[in-house]
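Notes for the structure review
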Amino acid sequence: MFGRAAARLLAAPRVGPDEAALKADLDALGGEVTRLRSRDGLKLTGRWLPSETGPVAGDEASPWQPDPYEAILVLHGWTGSVAPDLVALGPTLRRTAGVLGLDFRGHGGSDDGPTTFGLFEVEDVAGALAWLGERGIRRVALVGSSMGGIVAIASIVVLGDGSLVAADLDPNAPAATIEAPRPLIVAALVESVAPDLRIPIANRIGAPLGGVIRRAIAARVFDEAGRRVGGDLRATEPIRVIGLVDPVPLLLIHGLADRTVRPADGRRLAAAAGTSAEHWEVPGAEHGESRAADPAGWDARASSFLRRSFVAAREAMPIIGRPVEPAVAPATGGQEGD
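Calculation criteria
- Residues numbered from 1 in each chain as written.
- Predicted model: local features only at pLDDT ≥ 70, side-chain atom pairs only at ≥ 80, totals over all residues.
- Heavy atoms only, no water.
- Helix = DSSP H or I, 4+ residues; strand = E, 2+ residues; numbered from the N terminus.
- Buried < 20%, exposed > 50% of the residue type's maximum accessible area, 1.4 Å probe, protein only.
- Contact = heavy atoms within 4.5 Å.
- Areas by Shrake-Rupley, 256 points an atom, 1.4 Å probe, with all protein chains shown as cover.
- Pairing = 2+ DSSP bridges.
- Axes fitted to C-alpha atoms, helices over the stretch in contact; angles between N-to-C directions.
- Expected span 1.5 Å × (residues − 1).
- 1 Å grid on protein atoms, 1.4 Å probe; cavity = no way out; pocket = protein on both sides within 12 Å on 5 of 7 lines; lining within 4 Å.
- Points joined across faces, edges and corners; volume = space filled by probe spheres on them.
- Nonpolar A, V, L, I, M, F, W, Y, C, P; charged D, E, K, R; others polar.

Observations regarding the overall build of the protein chain
Per the secondary structure count, the protein chain includes 11 helices and 8 strands. A buried classification covers 51% of the 338 residues belonging to the protein chain. Counting only contacts in the protein chain whose residues sit at least 6 apart along the sequence, the fraction spanning at least 24 positions is 79%. Of the roughly 14,100 Å² that the protein chain leaves accessible, carbon and sulfur atoms contribute 55%.

Quick look at the structure:
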C-alpha cells in the first residue's frame, strides 16, 4: 500500500485536467516560451511575460513604473504545469515586474523527474534564478501556491537570498555549473502552505480514520518516497525552516474555506515565521483559490506587498551605474541548449 502511494506522490500529473481549456487565455498573455536548465542539468520549460504598465484594482492612486532589473518567479503546485497560475495571476503580477512562470521537473514540458516537494525542485529554482541573472535581472520575488509555496520557502533557506555569495554555492558540485550572477530574492508571496507535509496527504485520505492515524500513514508514504529518491522529502518542510526566511519579506495567504490545509494549520505556520512575515486570511477561499474568491483584494494586497519589497531592496542595494536596460531574451541563448 505504501509503495503504491509513494509512487503516486512522486509522479504528479504533468498537465491538469482543465489546462486544455486555457490555451486561448495563455496565448492571449503573449510572452515567450523558453527553455532553461536546472542546476543539476535537467531541461525545464517556462514562459516569460514582459512587464506592463497600468493600474491594479485598489491601487490606482499609486503610479508604478516596472524596473527592468526586477522579475517575479511563479512556482506552481503538485498537479499540472504553471499555465493556470500564469493565466490567473500573470496579468496582475506583470504590472509590478516581468514574470517568469516555471514548470518544475516532471511537470508541463519539462524533463522527467520525481515530484519531491522541494528536495529537488530547489535545483529548478536555482536554474531559473540563474537564467534571470544572465539576462540582467538583479531582484526577484517568488510567488508560489501550495507545493510552489513550499518550494519558495525551501529555496530561500537552501539557496540563500542572493546577498551572501557563500550561501549560494552548492557544496556538492552540481552537474551543470552555473556562473551567472544570482539575483537578490527580495520577497516571497506564498499561499495555502502546509506547515507539515503530512497534512495535505492526511486530509485527502478518505477512510474514516482519526487525524493521528491518517498523519501516521502519510508519514510512512513520505518515508517510502524518500527511500525511492535517496533523500528526505520532509527535511525542509515549512514548519522546520520558516523562521530562517527572515529578514526576507514573506506574505502568507490562506483561504478560510481551505479543507486541504485548514486555516488553523496556516495560523500555526504564521506563528512560527519571523518578524518579516505577514499573514492574510481570505474568507470563502478554498485551497489555492484566494484570488478567485477576492480578485480585487488579492490584486491590491499582492501588488502592495511586492512593490514595497522591491522598493526596499532598491534602497538597500541600488544598482550602481545602471547600464543599458536588460532585455530578457526568448527561447535561445544562455543556459538553454541541447
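Focus: the sheet that holds strand 3 (residues 70-75)
Strand order in this open sheet of 8 strands is 1-2-4-3-5-6-7-8, and the pairing throughout is mixed. At either end of the open sheet lies a strand with only one pairing partner, and these are strand 1 (32-37) and strand 8 (277-282). Within the sheet, the average angular offset between the axes of one strand and its neighbour, ignoring direction, is 20 degrees. Those strands touched by helix 3 (residues 83-93) are strand 2 (43-49), strand 3, strand 4 (98-102) and strand 5 (139-145), and its axis lies near 160 degrees from that of strand 3.

Looking at the environment of Gly108
You can see Gly108 is positioned in the loop between strand 4 and helix 4 (121-134). Gly108 sits 25 residues away from Ala83 along the chain, and the two C-alpha atoms are 8.4 Å apart. Ignoring sequence-local partners within four residues, the contact set of Gly108 consists of Arg14, Ser81 and Asp103.

Topic: helix 5 (residues 147-159)
Residue pairs three or four apart in sequence face the same way in an α-helix, which turns once every 3.6 residues. Taking 1.5 Å as the rise per residue, helix 5 with 13 residues should run 18 Å; its terminal C-alpha atoms sit 17 Å apart, in good agreement. The element helix 5 is extensively covered by neighbouring structure, given that 11 of its 13 residues are classed as buried. Within helix 5, the full set of buried residues consists of Met147, Gly148, Gly149, Ile150, Val151, Ala152, Ile153, Ala154, Ser155, Ile156 and Leu159. Elements in contact with the buried residues of helix 5: strand 3, helix 4, strand 5, strand 6 (184-191) and helix 8 (238-241).

Remarks on helix 4
An ideal rise of 1.5 Å per residue puts 20 Å on 14 residues; helix 4 measures up with 20 Å between its terminal C-alpha atoms. When you tally the buried positions in helix 4, you get 13 out of 14 residues, the bulk of the element. Taken from the residues just after helix 4, Gly136 is the one with a positive phi, measuring 95 degrees.

Some words on empty space enclosed by the protein
If you walk through the whole model with that rule in mind, you get 1 cavity of 30 Å³ or more. Looking at the largest cavity, the residues that line it are Val190, Glu191, Ser192, Val193, Leu252, Ile253, His254, Gly266, Leu269 and His279. Tallying contributions element by element places strand 7 (residues 250-255) first for the lining of the largest cavity, with 3 residues. By residue class, the composition of the lining of the largest cavity is 5 nonpolar, 4 polar and 1 charged.

These figures capture arrangement, not role.
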